[in-house]
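# Structural overview
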Number of protein chains: 2
Amino acid sequence: MAERITPRSENYSDWYVDIVLNAQLADYSPVKGTMVIRPRGYAIWERMQSALDTMFKETGHQNAYFPLLIPESFLKKEAEHVEGFAPECAVVTHGGGEELEEPLVIRPTSETIIWSMYRKWIQSYRDLPLLINQWANVMRWEKRTRLFLRTTEFLWQEGHTAHASAEEAREETLRMLDVYRCFAEEHMALPVLTGIKSEAEKFAGAVDTYAIEAMMQDKKALQAGTSHFLGQNFARAFDVTFQTADGALDHVWATSWGVSTRLIGALIMAHSDDRGLVLPPKLAPTEVAIVPIFKNQNRTEVLGYADRLHQTLKGSYRVVLDADENNSPGWKFSQWELFGVPIRIECGPRDMQNNQVVLVRRDTGEKLPVAAGAAPQRIAELLQQIQQALYDRAHAFRQANTRDIDNYDDLVAFFEGDGGFARVAWSGSPEAEARIKDDTKATIRVLPFGNQEQAAGKRCIVTGEPARHVAILARSY
Amino acid sequence: MAERITPRSENYSDWYVDIVLNAQLADYSPVKGTMVIRPRGYAIWERMQSALDTMFKETGHQNAYFPLLIPESFLKKEAEHVEGFAPECAVVTHGGGEELEEPLVIRPTSETIIWSMYRKWIQSYRDLPLLINQWANVMRWEKRTRLFLRTTEFLWQEGHTAHASAEEAREETLRMLDVYRCFAEEHMALPVLTGIKSEAEKFAGAVDTYAIEAMMQDKKALQAGTSHFLGQNFARAFDVTFQTADGALDHVWATSWGVSTRLIGALIMAHSDDRGLVLPPKLAPTEVAIVPIFKNQNRTEVLGYADRLHQTLKGSYRVVLDADENNSPGWKFSQWELFGVPIRIECGPRDMQNNQVVLVRRDTGEKLPVAAGAAPQRIAELLQQIQQALYDRAHAFRQANTRDIDNYDDLVAFFEGDGGFARVAWSGSPEAEARIKDDTKATIRVLPFGNQEQAAGKRCIVTGEPARHVAILARSY
């Protein structure tokens with residue numbers, strides 16, 4: 001199977017698409033810019049959803065569902081919001097054979113329709129906080145699309161919360177950012193930088209946007225999740241007020257936050273290799289694939305041996321027994337590597353004689369013979385080790401490709417060369433930010449927490465003025 | 001709270017809407033014909049999804065996701081399909097600020113987009129069966145809408161399977177019908193009739209449509225789920241062929257099957273009463289609500305007693321402690337009844353002294369004092385009893401309102417009077433079917449399994465010709 005995947009070193013972009021298609025994660029659809037998420041890809045999304053949904057509920061959120069179609073006029077109520085999203089909208093003009101009185105847009109995000117409902121539901125401080133999340137499809141018309149990373153339609157979750165004070169809403173914004181960080185690190189084995197976005201990069205309609213940013217294997221950054229403090233912008237646009245505990249009237253404070261099926265793209269780009277997909281065990285739909293190795297004369301015995309192992313493991317692991325007789329063991333090894341299964345178990349006649357099996361790590365290729373009776377325990381340990389090893393490898397890679405740079409020529413040279421993450425001092429000037437982008441194609445991915453303190457005494461890499469921020473620059477997806 | 005709900009006897013339709021709105025299951029949205037599913041409603045849907053998804057996976061299905069938007073030309077490839085669905089479509093004509101070359105419709109159902117993909121994925125009998133399910137939103141432009149029962153957008157699951165033979169596809173169609181029957185009966189406590197639809201009532205594009213039909217408290221029928229044998233209709237329309245085991249080429253055989261958020265409407269209409277929602281325990285987001293009864297002088301002790309009970313139950317049940325001090329116990333009793341929580345636990349100072357609590361059944365209002373130590377066990381039994389009692393009550397109601405009728409005047413009188421399910425002999429003639437509908441507003445809900453044998457020797461209720469079927473007639477949602 002391996003020859004179907006373009007090596008990363010040859011063409012990173014082709015490598016990515018080859019993995020998505022050959023590992024059957026997704027396929028191009030006949031509708032321009034959209035994709036089909038195939039069962040092997042959707043199963044990863046289901047594991048992501050399940051972990052995130054648990055975390056959302058543990059932090060007090062409830063799920064709800066709001067309409068797909070939003071009146072065009074709603075989008076226009078928040079000035080920055082419409083400017084950001086109107087150009088990306090798909091518009092429904094006809095329904096039931098008739099032209100609609102007002103065109104409806106397919107939600108690019110749901111702030112407007114949700115805040116139009118919050119107006120009905122919120123009267124008093126007793127109705128707050130209102131902590132709602134929605135799992136849904138959204139649509140943003142994109143010119144240049146890429147499987148999982150940028151498609152006109154994608155699946156996501158969007159949290160929309162309402163609070164009685166700015167402090168509480170800010171706390172919520174950071175709490176959910178931390179939920180995302182935790183999910184990325186612990187489930188996706190993906191180290192992320194966290195912090196705030198510059199004005200130029202923030203969400204259309206937000207006061208402040210926070211993000212988690214990860215480094216991919218081509219050293220580009222990928223924004224993996226965002227959490228927005230919306231201030232009172234949407235409450236003002238939709239006239240959502242509440243009676244405070246001391247009897248006054250105030251506009252409600254808001255947050256919103258989301259992650260999408262883009263995370264599957266991040267997962268692929270962070271961990272996979274030239275043989276195919278590499279999945280962190282926690283998100284792998286199949287943790288273990290058993291491949292029996294047999295010939296005609298020992299077929300029954302070896303299959304029986306593999307089957308007993310399968311029965312033993314089934315209660316504790318997501319395990320498949322690949323007993324198909326149409327393909328050779330070698331072909332199956334490649335296939336399960338391509339699909340990213342963290343552990344392959346090989347068992348042949350000699351293993352059976354020695355009452356052992358061989359565990360093979362997907363991430364390193366290491367082969368570990370182990371007594372059959374010890375396999376269940378050893379698999380548990382190994383899955384943990386693989387989960388940790390993937391994180392460590394990604395972390396080391398990011399460290400190795402992050403540079404403190406204090407000279408503009410060096411910065412330009414850095415991005416003309418191998419690139420990566422550049423940590424630089426910045427005045428805060430939008431012009432300086434724009435110049436960096438023009439000269440290097442890199443943008444400010446994030447201003448890490450504590451960056452203002454770190455900027456003390458430093459000078460802006462562009463203007464030489466006193467720096468107000470330390471920024472992480474990178475080219476990005 | 002109770003006075004906010006119109007009694008069933010006064011106006012059934014208003015009663016239904018009052019329950020949906022007051023129990024906070026859903027709300028009207030500003031977009032005509034659509035609704036917002038609020039957290040209390042969505043939590044029921046999540047429990048439905050979880051149970052159904054498990055059953056789908058146990059029967060070998062995998063989830064996937066296909067695009068929301070379908071080229072108009074795809075819909076037209078299957079003649080009956082387009083005739084059935086085109087008038088109900090919402091049409092996207094503009095995207096990203098430009099008019100589209102070809103209009104896209106928002107999926108009313110996904111056969112066409114899915115079979116366009118199956119063409120790419122299926123080459124040989126080895127690729128079959130292909131057993132895929134999708135959880136998604138769909139849109140059908142409806143003139144007259146009703147919360148949960150009929151909205152332009154709704155949430156559902158749609159299974160789409162591909163098989164190498166007609167027999168296998170027919171087996172799958174009936175297997176999934178039985179999954180639906182089992183879910184309705186065991187989880188929803190909803191007895192259903194199963195069988196095949198008449199030609200006039202079948203799905204646009206199906207060879208045969210099977211359905212589960214339930215009786216609501218106003219004696220009308222509600223179609224709660226359908227399973228279609230599609231023959232080779234979509235394979236022909238999308239040119240999906242496969243190489244058979246003996247080397248020939250054949251078109252693939254198909255099924256599709258779906259249930260939707262309409263089930264929540266069925267659940268409400270089947271079990272609820274004039275005090276509010278009544279939920280079968282298996283689908284109740286909250287199984288038990290503890291309401292402590294205290295005055296200032298014993299506040300701490302009673303709350304402590306209730307809290308210990310809460311801690312004891314928390315690991316085994318979905319339980320809430322309502323310790324809010326702004327509302328009276330009586331107000332809370334009504335509130336939890338309105339929300340449909342199957343068991344309320346009352347505990348006051350006297351209960352504390354006697355080391356007991358009082359369990360109150362939502363379905364019957366029965367009060368059951370029980371020793372505190374025995375509560376966990378008693379709750380488990382009671383939840384099972386309530387689940388069974390709701391089923392039994394609905395079943396008895398359907399039995400009491402189903403009549404064998406063999407005279408056309410009696411049939412007309414039946415539907416002019418109280419109505420219900422009428423079991424009649426039918427020739428199979430579409431004209432007879434149409435006449436019944438004209439005269440009674442009742443339609444053939446289902447031709448139960450074995451109906452042809454039962455028809456032997458009987459005569460059609462309309463024409464007097466020899467009967468070929470026994471049909472269940474009812475007015476319906």
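Residues numbered from 1 in each chain as written. Chains lettered and ligands numbered in written order. Predicted model: local features only at pLDDT ≥ 70, side-chain atom pairs only at ≥ 80, totals over all residues.

So, about the overall build of chain A. Helix and strand counts for chain A come out as 15 helices and 23 strands. Rg of the C-alpha trace for chain A: 25 Å, near the compact-globule value of 23 Å for 477 residues, within the 12% margin. Projected onto its principal axes, the C-alpha coordinates of chain A cover approximately 85 × 60 × 45 Å. Relative to its full complement of 477 residues, chain A shows a buried share of 51%. A separation threshold of at least 6 residues defines the contact pool for chain A, and within that pool the share at least 24 residues apart is 67%. (Helix = DSSP H or I, 4+ residues; strand = E, 2+ residues; numbered from the N terminus. Rg over C-alpha atoms; globule rule 2.2 N^0.38 Å. Buried ≥ 20, exposed ≤ 12 C-beta atoms within 10 Å, placed from the backbone. Contact = placed C-beta atoms within 7 Å.)

Before going further, it helps to spend a moment on the interface of chain A and chain B. How big an interface is tends to be reported as the loss of accessible area on association of its parts. Listed by partner, the interface residues are 39 residues for chain A and 39 residues for chain B. Secondary-structure elements contributing two or more residues to the side of chain A that touches chain B are strand E2 (35–37), helix H2 (39–58), strand E3 (62–63), strand E4 (69–71), strand E5 (90–95), helix H5 (111–121), strand E7 (130–139) and strand E8 (153–163) of chain A. Element by element, the count of residues in the side of chain A that touches chain B is highest for E5 of chain A, at six residues. Looking at side-chain class alone, the side of chain A that touches chain B contains 22 nonpolar, 11 polar and six charged residues. Across five bridges, E5 of chain A lies against strand E5 (residues 90–95) of chain B in antiparallel orientation. In the strand pairing of E5 of chain B, glycine 95 of chain A is matched with alanine 90 of chain B. (Nonpolar A, V, L, I, M, F, W, Y, C, P; charged D, E, K, R; others polar. Pairing = 2+ DSSP bridges.)

All names here are of chain A. The mixed open sheet is built from five strands, whose spatial order is E16-E15-E17-E18-E19. Of all strands in the sheet, those with a lone pairing partner are strand E16 (319–321) and strand E19 (367–371), marking the two edges. Each adjacent strand pair in this sheet contributes to an overall mean axis angle of 25°, direction not counted. Bridging between strand E18 (residues 356–361) and E19 involves five bridges; their strand directions are antiparallel. The partner of valine 360 across the bridge, within E19, is lysine 367. Across the sheet, helix H10 (residues 329–338) is in contact with strand E15 (288–292) and strand E17 (343–347); its angle to E15 comes to roughly 170°. (Axes fitted to C-alpha atoms, helices over the stretch in contact; angles between N-to-C directions.)

Residues and elements named next belong to chain A. Of all 11 residues in E8, 10 are buried, a share of seventy percent or more. Relative to E8, E7 runs antiparallel, the two sharing 10 bridges. Each residue of the ladder has a partner; that of valine 138, found in E8, is phenylalanine 154. Judged from the eight bridges that link them, E8 and strand E14 (residues 253–260) form a sheet pairing that is antiparallel.

After a rotation of 180° and a shift along the axis of 0.0 Å, chain A superposes on chain B with an RMSD of 0.0 Å. The transformation just described matches what one would write down for a two-fold rotation axis. Using C-alpha coordinates, one finds that chain A approaches the rotation axis most closely at valine 92 of chain A, a distance of 2.1 Å. Interface overlap between copies: 100% of the residues of chain A at the interface are likewise at the interface in chain B, consistent with a symmetric, same-surface contact. (Least-squares fit on C-alpha atoms with pLDDT ≥ 70 in both.)

Every other side chain in a regular strand lies on the same face of the sheet, so the side chains alternate between the two faces. Residues and elements named next belong to chain A. Counting buried positions over the eight residues of E14 gives eight, a clear majority of the element. Residues Trp253, Thr255, Trp257 and Val259 point to one face of E14 and Ala254, Ser256, Gly258 and Ser260 to the other, with burial holding for every one of them. Note: strand E11 (residues 221–231) against E14, five bridges, orientation antiparallel. By the bridge assignment for E14, serine 227 is matched with tryptophan 257.

This brings us to the sheet that holds strand E16 (residues 319–321) of chain B. Sheet strands pair via backbone hydrogen bonds, and the direction of the pair is either parallel or antiparallel. Residue and element names in this part refer to chain B. In spatial order, the strands read E16-E15-E17-E18-E19; together these five strands make up an open sheet with mixed pairing. At either margin of the open sheet sits one strand with a lone partner, and together these are E16 and strand E19 (367–371). Each adjacent strand pair in this sheet contributes to an overall mean axis angle of 25°, direction not counted. When strand E15 (residues 288–292) meets strand E17 (residues 343–347), the two strands line up parallel, connected through five bridges. In the strand pairing of E17, proline 292 is matched with cysteine 347. Contacts between helix H10 (residues 329–338) and the sheet are confined to E15 and E17, with E15 contributing the most and set at about 170° to the helix. Its contacts with the sheet place helix H12 (residues 375–400) against E15, E17, strand E18 (356–361) and E19, and it is angled at close to 10° to E18.

A separate point is the domain arrangement of chain A. Residue and element names in this part refer to chain A. Here the domain parsing of chain A yields domain 1 (2–271), domain 2 (281–385) and domain 3 (402–474). The gap between the C-alpha centroids of domain 1 and domain 2 is 39 Å. Sort the elements by how many residues they give to the side of domain 1 that touches domain 2 and H2 lands first, with five residues. By residue class, the composition of the side of domain 1 that touches domain 2 is seven nonpolar, two polar and two charged. (Domains from an automatic or database assignment.)

Attention now moves to the nonpolar core. With 317 residues, the main nonpolar core has Ala214, Val252 and Cys347 of chain A together with Ala214 and Cys347 of chain B as its most contacted residues. In this view, alanine 214 of chain A contacts Ala184, Leu190, Pro191, Val192, Leu222, Ala224, Ala266 and Ala270 of chain A; residues no more than four positions away in its chain are not counted. (Core = buried A, V, L, I, M, F, W, Y, C linked by C-beta atoms within 7 Å.)

Before going further, it helps to examine unusual backbone geometry. Of the consecutive residues leucine 128 of chain A and proline 129 of chain A, the connecting peptide bond is found in the cis state with omega at -5°. Looking at the element boundaries, proline 129 of chain A is found in the loop between H5 and E7. Of note, phenylalanine 148 of chain B is a non-glycine position whose phi angle comes to about 70°, a positive value. On the secondary structure map, phenylalanine 148 of chain B appears in the loop between strand E7 (130–139) and strand E8 (153–163). Accessibility expressed as a C-beta count within 10 Å gives 25 for phenylalanine 148 of chain B, which makes it buried.

Residues and elements named next belong to chain B. All of the buried residues in helix H14 (residues 430–440) are Ala432, Glu433, Ile436 and Thr440. Along H14, the residues classed as buried sweep out an arc of 105° about the axis, all on the same side. Facing away from the buried side of H14, by more than 90 degrees, are the exposed residues Pro430, Glu431 and Asp438. For H14, the elements touching its buried residues are helix H13 (408–416), strand E21 (421–426), strand E22 (443–448) and strand E23 (469–474). Backbone geometry just downstream of H14 places lysine 441 in the positive-phi region, at approximately 65°. (Arc of directions from axis to C-beta.)

Our focus in this paragraph is the environment of isoleucine 122 of chain A. Note on placement: isoleucine 122 of chain A falls in the loop between H5 and E7. Residue contacts for isoleucine 122 of chain A: discarding those within four places in its chain leaves Asp127, Leu128, Leu130, Ala162, Val240, Phe242 and Val252 of chain A.

Looking at chain A, the pLDDT average stands at 96 and 99% of residues meet or exceed 70. Both scores are given for the predicted complex: the pTM is 0.97, the ipTM 0.97. (pLDDT = per-residue confidence, 0-100.)

Residues and elements named next belong to chain A. On the secondary structure map, glutamate 325 appears in the loop between E16 and H10. The class for glutamate 325 is exposed, based on 10 C-beta atoms found within 10 Å. Measuring from C-alpha to C-alpha, the distance between glutamate 325 and glutamate 80 comes to 60 Å, with 245 residues separating the pair along the chain.

All names here are of chain A. Locating proline 342 in the fold gives a position in the loop between H10 and E17. Sequence separation between proline 342 and leucine 383 is 41 residues; the distance between their C-alpha atoms is 7.3 Å. In this structure proline 342 touches Leu279, Pro281, Ala284, Glu287, Arg362, Leu383 and Ile386, once residues within four positions along its chain are discounted.

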